[in-house]
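What follows is each chain in one-letter form.
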Amino acid sequence: METLKSSSSKALRVFLMTLGLTFFGGAFQEAVASHLVGGDLGYEYLGETVPGSGMYRYKLKMRMYLNCGPSSNWPQMQLWLGGAGNPLYVGVYVEDPANPDADKQQYAVADVYMTSFSVITPDIPDSCVIGDGQCVEESLFEGEVIVPSSLGGYHLYFQGYSRNAGILNLNDPGNAGFGIYSFIPPTAVVNSSPTFTGVPVPFICMNEITSFSNAAEDIDGDSLVFSFVEPYDSQEDIAGVVQP
């Protein structure tokens, strides 16, 4: 049975809704990028499969951002996948409310498939020289998972490899793992995760003023709070598309 290691007990006692977000932001003036830029992972509550069944459906939604410049190892997402019809994998782990600091036991692996992709243009000052790294491809992946009734909820985790080689504030980023996380609250709570609505800013240059919108919306009408948190450790010894 695969497990999700509990590296931070505070971080794993998650709130009603949480959305993992990892965007690339290095303080540099010029860099050579190589691979994964960032992404986010969320879900939409679809209700019970059949009323009274105790089995709950969630639609998973994951956005991935890839460096599509000529220096990238994989300039297109479908090349990294080995074909547009191949999935990425999201691990689904059970939260035990009686033992919140324990490693999380894997319940399922959800396949998510690419449904769209496009090249986006980040709002970067003209004086910020970043070489070919300004080419960023956004891909949307969707899938579904069915889970039994739970008083603790479920952790969602995607593991990829690797980060952009031009990042200066990571040790050996070209060989660094890449993880995205989200949390489904107890199934009695009717809740969908918030969705980021702005265009990401993957690069911040020294001596430049950069502004961006971290805007998000919530279809349940819940209030949203943003905060910086310590990132989880991620696996760094498996290349390519990683099974949870």
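What counts and how
- Residues numbered from 1 in each chain as written.
- Predicted model: local features only at pLDDT ≥ 70, side-chain atom pairs only at ≥ 80, totals over all residues.
- Heavy atoms only, no water.
- Salt bridge = Lys/Arg side-chain N within 4 Å of Asp/Glu carboxyl O.
- Helix = DSSP H or I, 4+ residues; strand = E, 2+ residues; numbered from the N terminus.
- Buried < 20%, exposed > 50% of the residue type's maximum accessible area, 1.4 Å probe, protein only.
- Pairing = 2+ DSSP bridges.

**Points about the pattern of salt bridges**
Summed over the entire model, instances satisfying the criterion amount to six salt bridges. As a salt-bridge pair, lysine 61 and glutamate 44 come within 3.3 Å of each other at their nearest N and O atoms. Taken as a pair, lysine 61 in strand S4 (residues 55-67) and glutamate 44 in strand S3 (residues 36-48) lie far apart in primary sequence, 17 residues in all. Lysine 61 sits in the partly exposed class, given a relative accessible area of 31%. A relative accessible area of 25% places glutamate 44 in the partly exposed class. The network of salt bridges with shared partners includes Asp40, Arg63 and Glu138.

**A look at the pairing of S4**
Looking along a regular strand, one sees side chains alternate from face to face of the sheet. By the bridge criterion, 11 bridges tie S3 to S4 in an arrangement that is antiparallel. Pairing of glutamate 48 across the sheet is with tyrosine 56, part of S4. Joining the antiparallel neighbours S3 and S4 is a turn of six residues, in which glycine 52 adopts a positive phi near 85°. Pairing of S4 with strand S7 (residues 136-148), which is carried by 13 bridges, proceeds in the antiparallel orientation.

**Details of the pairing of strand S8 (residues 154-161)**
Counting buried residues in S8 gives eight out of eight residues, a clear majority hidden from the surface. Pairing of strand S5 (residues 88-94) with S8 involves five bridges; the strand directions are antiparallel. Considered in S8, the bridge of valine 92 is made with leucine 156. Bridge count for S8 against strand S9 (residues 177-184) is eight bridges, and the pairing is antiparallel. Each bridged residue has a counterpart across the sheet, and for tyrosine 157 the counterpart in S9 is tyrosine 181.

**Looking at the environment of proline 194**
One can find proline 194 in the loop between S9 and strand S10 (195-196). Between the C-alpha atom of proline 194 and that of alanine 216, which follows or precedes it by 22 residues, the distance is 6.3 Å.

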